[in-house]
Amino acid sequence: MPPTLLEPDLLAADPAGLAEVGRLVTELTREAAGALRRRTGPLPALTPRELTRLLDDELPDGPLPATGRGREAVLALARSYAAHTVDLADPRAAAHLQPPALSVAAAADVLASVFNASVDTWDSGPYAVEIERRLVRALTELAGYGPGADGVLTPGGTASNLQALLIARDTALRAHRDIRGSGLAGLDARPVVYCSELAHFSVARACGVLGLGEDAVRAVPVDDAHRMRPAELERALRLLGPKEVPIAVVATAGTTDYGSVDPLPELAAIAHRAGTRLHVDAAYGGGALFSDRLRPLLDGIEAADTITMDLHKTAWQPAAASVLLARDARDFAATTGLRVGYLNPDDDGAAGYDGLLGNSMATTRRADAFKVAATFLALGREGIGAMLDACHDLARDAAAAVEAHPRLELTTRPALTTVVFRYVPRAGGVSDAVNGALRRRLLAEGSALIGRTDVKAAEPGTGTVRLKLTLLNPQATAGDIDELLAAVDAAGQAVEGQL
């Protein structure tokens, strides 16, 4: 008989199985902690090809062998995973909008997995349904919305933006036809969406998915602070063609490249004068709502029709935990509202037994609100805000250190927690090849993880490739930043001699 993993019971939510989950989690985390203690950087010192060979050796029969190998195989997998995955708690991990998760959130996430509740129907997860409703209500109030607001947790900012633009599409085109019922074929109108030239790619992707076409996106120029120019938006709206219908203006609160926040009050006024919706993609910057210091960056967000917030960015949640908030709850009923006899029949709803199916584009949806609620109860708004403030302080320290460094050049001052800069070669001039190569050198060494981006408005002759620190580790220090920049400098000097 093949070895079993869990003894005596394979079912996690059974009382005996729950105790076994606790034992197994303890063993897995002990193995992972041992592997982490032997780490020397945020990444394994392996090339992609070397990592592929390692996995081939460790899993000769692949991840689906004919016969299970039991507990020891799982423990070995945990050791190898911890040894070779990204370590986001390492202060030299500063590439992406991908923070280390809080322990309280990770522990609560295990319990959510154990019970495997879904929030589509009340009886699939009654407590999970109620806790998401309360979490959404708290977040709508935090954003400045009134009692008629609502929201839904989604798998990520891309999904939240997609649903926001679905609502915008159907609302704007309702005068032309019932898009939900009849579709877009033969529509005698050309929908358009306005966003900053630095908006997230998910805006164009959503337009493609929704049948509007990526060409429906009109990119609005930004100013020197990387914020959408209101005058340019007004100008673009005045130049609308006779059959063009503005679906939405998408403002960005926290651009991926710079952390810049578009001027929300001005954009809201322009959008509403034009009779179109304002969606604020605050996947990154939404965390400023928790901070008394940074909250003014989001002044005017309460005028948005919909808001995206990623709690797995600036609330330190395990992915995924994004939320879409809507100022008017009726937006959901008009687009994703759905009643199905075997899930949410009318008479069950009338009796109060309604889940959250009507708010979501998904059916089965896990209890992600549980880990968020556990975190908020443990730390409160002030605790989350203090973490973001610490990262903001770190970004300002990093910007000052870059400015003081003889071989580094700051591109822009940080608005949130992102620092953009370049390594300047000894000979000066174009630095693209050196900056790209030094980042890859750090990756291969496993010693540091930094990001990169391309800039459009670069000084002539300097190139377009820039390096980026996205600082979301509230336990990192100014000393850690100094070490990280020293590693960048050393890698830059090394690759200069090779190019």
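The structure displayed is predicted, hence computed values, not measured ones.

Conventions used here
Residues numbered from 1 in each chain as written. Predicted model: local features only at pLDDT ≥ 70, side-chain atom pairs only at ≥ 80, totals over all residues. Heavy atoms only, no water. Pairing = 2+ DSSP bridges. Helix = DSSP H or I, 4+ residues; strand = E, 2+ residues; numbered from the N terminus. Contact = heavy atoms within 4.5 Å. Axes fitted to C-alpha atoms, helices over the stretch in contact; angles between N-to-C directions. 1 Å grid on protein atoms, 1.4 Å probe; cavity = no way out; pocket = protein on both sides within 12 Å on 5 of 7 lines; lining within 4 Å. Points joined across faces, edges and corners; volume = space filled by probe spheres on them. Nonpolar A, V, L, I, M, F, W, Y, C, P; charged D, E, K, R; others polar. Phe/Tyr/Trp six-rings, centres within 6.5 Å; stacked < 30°, edge-to-face > 60°.

A. Fine view of the sheet that holds strand 9 (residues 408-412). With mixed pairing, five strands are arranged side by side in an open sheet as 1-11-12-10-9. Only two strands of the sheet have a single partner each, and these edge strands are strand 1 (93-94) and strand 9. In terms of strand pairing, strand 1 meets strand 11 (residues 449-454) through two bridges, oriented parallel. Bridge pairing links Ala94 to Ile450 in strand 11. Against the sheet, helix 15 (residues 432-445) contacts strand 10 (418-423), strand 11 and strand 12 (465-470), and its axis sits at roughly 155 degrees relative to strand 11.

B. Here's a closer look at the pairing of strand 11. The sheet contact formed by strand 11 and strand 12 spans four bridges and is antiparallel. By the bridge assignment for strand 12, Arg452 is matched with Leu467.

C. Focus on the layout of surface pockets. Considering only enclosed or pocket space, the largest pocket measures out at about 1300 Å³ in volume. Around the largest pocket sit 32 residues that line it, and Thr29, Ala32, Tyr81, Ala101 and Ala106 are the ones nearest its centre. Those elements that provide at least two residues to the lining of the largest pocket are helix 1 (15-37), helix 3 (70-84) and helix 4 (103-115). A breakdown of the residues in the lining of the largest pocket according to their chemical character gives 24 nonpolar, six polar and two charged. In this model, the second largest pocket occupies a volume close to 1000 Å³. In terms of lining residues, the second largest pocket is bounded by 45 residues, among which Leu198, Thr255, Thr256, Asp257 and Tyr258 are the most central. Put simply, the parts of the chain that give the lining of the second largest pocket at least two residues each are helix 6 (157-172), strand 7 (306-310), helix 11 (311-314), strand 9 and strand 12. The element that contributes the greatest number of residues to the lining of the second largest pocket is strand 9, accounting for four residues.

D. Up close: empty space enclosed by the protein. Throughout the structure, instances matching the rule amount to two cavities of 30 Å³ or more. As a volume, the largest cavity reaches approximately 80 Å³. Taken together, Leu88, Ala93, Ala94, Ala95, His96, Gln98, Pro99, Pro100, Leu449, Thr470, Leu472 and Asn473 make up the lining of the largest cavity. Lining the second largest cavity we find Pro91, Ala93, Ala94, Leu394, Thr470, Leu471, Leu472, Asn473 and Ala476. Taken together, the residues that form the lining of the second largest cavity break down as seven nonpolar, two polar and no charged.

E. Summary view of the packing of aromatic side chains. Applying the stated criterion across every chain, the model contains two aromatic pairs. When the ring of Trp122 is compared with that of Tyr353, the centres are 5.0 Å apart and the planes differ by 85 degrees; the resulting orientation is edge-to-face. A residue pair is termed long-range when its members are at least 10 positions apart, and Trp122 in the loop between helix 4 and helix 5 (126-142) and Tyr353 in the loop between helix 13 (346-350) and helix 14 (368-404) qualify at 231 residues.

F. Here's a closer look at the sheet that holds strand 5 (residues 244-252). Pairing in this open sheet of seven strands is mixed, and the strands run 2-8-7-6-5-3-4 from one edge to the other. The open sheet has two edge strands with one neighbour each: strand 2 (150-154) and strand 4 (217-220). Strand after strand, the sheet turns through a mean of 20 degrees between neighbouring axes, direction not considered. Sheet analysis places strand 2 next to strand 8 (residues 322-326), joined by five bridges and oriented antiparallel. Following the sheet pairing, Asp150 is matched in strand 8 by Ala326.

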